[in-house]
Amino acid sequence: HIVTKSEEVVRGITRDEFKMRRSRLAEQFPNQALVFVSAAERKNSHDTSTKFRQDSTFNYLFGFQEPGAVAVLKQNGDFFLFCRKSDPLKEMWD
């Protein structure tokens, strides 16, 4: 994604907007943590990948476009994001 302003996480959506979305959701579940799993990569066959599309809810709340991630949303709207280890060779060729 091309980001046009430094405060934008993705084009047209700022960090504050994502934080507001997460906070509104977290308020509905007091004293609880919520777990969200991102979409997985898909393959058409053994050597052909389908273009990755992030899970809509995960994208709406976090704006993170990598497959295989897990986010834990705390009750105050803050979150922990767990993602896979970087693989330079895979990033180059996939």
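The structure under discussion appears in the preceding block.
A brief report on the enclosed structure follows. The shown structure was predicted, so the numbers you read here are calculated from the model rather than taken from an experiment.

**Thoughts on the packing of aromatic side chains**
- Under the definition given, this model contains three aromatic pairs.
- A connected cluster of aromatic rings, assembled from ring pairs, spans F36, F58, F62 and F79.
- Directly above the aromatic system of Y60 lies the positively charged group of R21, at a separation of 4.0 Å from the ring centroid.

**A short note on the side chain of S38**
- Position of S38 among the secondary structure elements: in the loop between strand 3 (34–37) and helix 2 (56–62).
- For S38, a relative accessible area of 8% translates into the label buried.
- A polar contact of 3.5 Å, which involves the side chain of S38, links it to the backbone oxygen of E66.

**Observations concerning the sheet that holds strand 5 (residues 79–82)**
- If you walk across this open sheet you meet the three strands as 3-4-5, and the pairing is antiparallel. Here the strands that pair on one side only, and so sit at the sheet edges, are strand 3 and strand 5. Adjacent strand axes in the sheet meet at a mean angle of 15° when their direction is disregarded.
- Pairing geometry for strand 4 (residues 70–73) and strand 5, over four bridges, is antiparallel. Bridging from a neighbouring strand, V70 pairs with F82 of strand 5.
- Lying on the sheet, helix 1 (residues 15–27) is in contact with strand 3, strand 4 and strand 5; it crosses strand 4 at an angle near 60°.

Rules and cut-offs
Residues numbered from 1 in each chain as written. Predicted model: local features only at pLDDT ≥ 70, side-chain atom pairs only at ≥ 80, totals over all residues. Heavy atoms only, no water. Phe/Tyr/Trp six-rings, centres within 6.5 Å; stacked < 30°, edge-to-face > 60°. Lys NZ or Arg CZ within 6 Å of the ring centre and 35° of its normal. Helix = DSSP H or I, 4+ residues; strand = E, 2+ residues; numbered from the N terminus. Buried < 20%, exposed > 50% of the residue type's maximum accessible area, 1.4 Å probe, protein only. Polar contact = N/O pair within 3.5 Å; in protein donor to acceptor, adjacent residues only side chain to side chain. Pairing = 2+ DSSP bridges. Axes fitted to C-alpha atoms, helices over the stretch in contact; angles between N-to-C directions. Contact = heavy atoms within 4.5 Å.

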